[in-house]
Amino acid sequence: MNHLKAERQGRVVTVRLHRPHVLNALSGELLAELLALLRPLDTDPDTGCFVVTGSDRAFAAGADIREMAGKSAVDMAAEDWFADWEEFADLRTPKIAAVNGYALGGGCELAMMCDLVVAGESAVFGQPEIGLGVIPGIGGTQRLTRLVGRAKAMDLVLTGRTMDAAEAERCGLVSRVVPDHRVLPEALEAATTIASYGRAAVRAARECVDRALETGLRDGIRFERRTFHALFATHDQKEGMAAFLQKRPPRFQGR
């Protein structure tokens, strides 16, 4: 069954989650389809950015509980449930989450796996798994804490409460908040901008920012500096700086 709708506009690929009967709950089949679609595009030099979105009512309202409810601890461990979501997180092409409506549980975790989150004013975020007798399992306790800090993460994870888009932006979970009808256009505009830059520099920038969450300051600065040096081996660095000096738009070639 097709749980996704995909569309390409130039170097930007938009993927819409399409399980309306369960508010885009994240099933194993949906993940398999998502990876099958994005895996080859991630190595395609003509693809510069992904935009992931849902419906007006829900980005994704969580993982599909029906798939898990009857499983035992042995089943979950043996199947390493949710491990494959890290392949989505590790895609090197920048990812933008365009969020309307509910982004709860797995939906919130999916948004946090993206590099930018553009949210509508009516969007709602949260990790309500505690009410099901479990905890977040797709990185929620880890990414949320890194993004919003221990105090806010504890509040959301332990009480199961939700927060609106304005609070999510204030605490660093959301990149931009826009009127609901502007979510996808705003995300596409940002994606088009990102996709217009040199591919090597964009990927290097992503890796350096992510590294800041995982290393100490001194090691992070050293990694950034070495990456900066390495980009001087690319055609796009020569073109970008020549264009600046010649006061003309650069013509990046992704090499």
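Below: a short report on this structure. (Residues numbered from 1 in each chain as written. Predicted model: local features only at pLDDT ≥ 70, side-chain atom pairs only at ≥ 80, totals over all residues. Heavy atoms only, no water.)

**Some details on the overall build of the protein chain**
Here comes step 1: Secondary structure assignment for the protein chain yields 12 helices and 10 strands.
Here comes step 2: The C-alpha radius of gyration computed for the protein chain amounts to 19 Å, which stays within 12% of the reference 18 Å derived for 255 residues, consistent with globular compactness.
Here comes step 3: If you line up the protein chain on its principal axes, its C-alpha atoms span 60 × 40 × 40 Å.
Here comes step 4: Within the protein chain, the proportion of its 255 residues that are buried is 44%.
Here comes step 5: Restricting the contact set of the protein chain to residue pairs at least 6 apart, pairs at least 24 apart contribute 66%.
Here comes step 6: Only carbon and sulfur atoms are counted for the fraction: they give 56% of the accessible area of the protein chain, which is about 13,300 Å².
Here comes step 7: Between the centroid of the 32 positive side chains of the protein chain and the centroid of its 34 negative side chains there is a distance of 7 Å. (Helix = DSSP H or I, 4+ residues; strand = E, 2+ residues; numbered from the N terminus. Rg over C-alpha atoms; globule rule 2.2 N^0.38 Å. Buried < 20%, exposed > 50% of the residue type's maximum accessible area, 1.4 Å probe, protein only. Contact = heavy atoms within 4.5 Å. Areas by Shrake-Rupley, 256 points an atom, 1.4 Å probe, with all protein chains shown as cover. Lys, Arg positive; Asp, Glu negative; His and termini not counted. Charge placed at Lys NZ, Arg CZ, Asp CG, Glu CD.)

**Thoughts on the pairing of strand 7 (residues 116-120)**
Here comes step 1: With 4 of its 5 residues buried, strand 7 lies for the most part within the structure.
Here comes step 2: Sheet topology note: the strand 5 (residues 95-99)/strand 7 ladder contains 4 bridges and is parallel. Bridging across to strand 7, Ala98 finds its partner in Val118.
Here comes step 3: Note: strand 7 against strand 10 (residues 176-178), 3 bridges, orientation parallel. Within strand 10, the position partnered with Val118 by the bridge is Arg176. (Pairing = 2+ DSSP bridges.)

**Quick notes on a nonpolar patch on the surface**
Here comes step 1: Residues Ile65, Leu132 and Val134 make up a contiguous nonpolar surface patch of roughly 260 Å² in combined accessible area.
Here comes step 2: Structurally, Val134 is set in the loop between strand 8 (124-126) and helix 6 (140-148). (Patch = residues over 30% accessible without salt bridge, like charges linked within 9 Å, V, L, I, M, F, W, Y side chains within 5 Å. Salt bridge = Lys/Arg side-chain N within 4 Å of Asp/Glu carboxyl O.)

**Details of the sheet that holds strand 2 (residues 12-17)**
Here comes step 1: If you walk across this open sheet you meet the 6 strands as 1-2-3-5-7-10, and the pairing is mixed. Of all strands in the sheet, those bounded by a partner on one side alone are strand 1 (4-9) and strand 10. For this sheet, the mean inter-axis angle between neighbouring strands, taken without regard to orientation, is 20°.
Here comes step 2: Where strand 1 lies against strand 2, 6 bridges are found, and the strand directions are antiparallel. Within the sheet, the bridge partner assigned to Glu7 lies in strand 2 and is Thr14. (Axes fitted to C-alpha atoms, helices over the stretch in contact; angles between N-to-C directions.)

**Quick word on the side chain of Asp236**
Here comes step 1: Looking at the element boundaries, Asp236 is found in helix 12 (residues 235-245).
Here comes step 2: Of the side chains with opposite charge, Arg255 lies nearest to the buried Asp236, which makes no salt bridge, at 6.5 Å.
Here comes step 3: Discounting residues that sit within four places of it in the chain, Asp236 has contacts with Gly198, Arg199, Phe252, Gln253, Gly254 and Arg255.

**Brief notes about the side chain of Thr93**
Here comes step 1: Within the secondary structure, Thr93 is located in the loop between helix 4 (85-89) and strand 5.
Here comes step 2: Accessibility expressed as a relative area gives 1% for Thr93, which makes it buried.
Here comes step 3: In this structure the side chain of Thr93 is engaged in a polar contact, spanning 2.7 Å, whose partner is the side chain of Asp42.
Here comes step 4: Not counting the four nearest positions on each side in its chain, Thr93 is found in contact with Leu41, Asp42, Thr47, Gly48, Cys49, Phe50, Asp115, Arg203 and Arg206. (Polar contact = N/O pair within 3.5 Å; in protein donor to acceptor, adjacent residues only side chain to side chain.)

**Re the environment of Glu87**
Here comes step 1: Its location among the elements puts Glu87 in helix 4.
Here comes step 2: By relative accessible area, Glu87 is classed as partly exposed at 31%.
Here comes step 3: Taking the C-alpha atoms as reference, Glu87 lies 29 Å from His235; in sequence the two are 148 residues apart.
Here comes step 4: Other than its neighbours up to four places away in sequence, Glu87 contacts Leu35 and Arg39.

**Observations concerning the packing of helix 10 (residues 199-212) against helix 11 (residues 217-230)**
Here comes step 1: At a closest axis distance of 9 Å, the pairing of helix 10 and helix 11 adopts a crossing angle of 170°. For the element pair helix 10 / helix 11, the angle class is roughly antiparallel. Side by side, helix 10 and helix 11 meet where Ala204, Glu207, Cys208 and Arg211 of the first sit next to Phe223, Glu224 and Thr227 of the second.
Here comes step 2: For the contact of helix 10 with helix 11, a count of residues per class yields 3 nonpolar, 1 polar and 3 charged. (Parallel < 35°, antiparallel > 145°, perpendicular 65-115°, else oblique. Nonpolar A, V, L, I, M, F, W, Y, C, P; charged D, E, K, R; others polar.)

**A few points about helix 12**
Here comes step 1: When we look at burial in helix 12, the residues that qualify are Asp236, Gln237, Glu239 and Ala243. For helix 12, the arc enclosing every buried residue in end-on projection is 165°, short of the 170-degree limit, so these residues lie on one face.
Here comes step 2: Looking at the packing, one finds that the buried side of helix 12 touches helix 10.
Here comes step 3: Lys247 occupies a position one or two residues after helix 12 and carries a positive phi of about 55°. (Arc of directions from axis to C-beta.)

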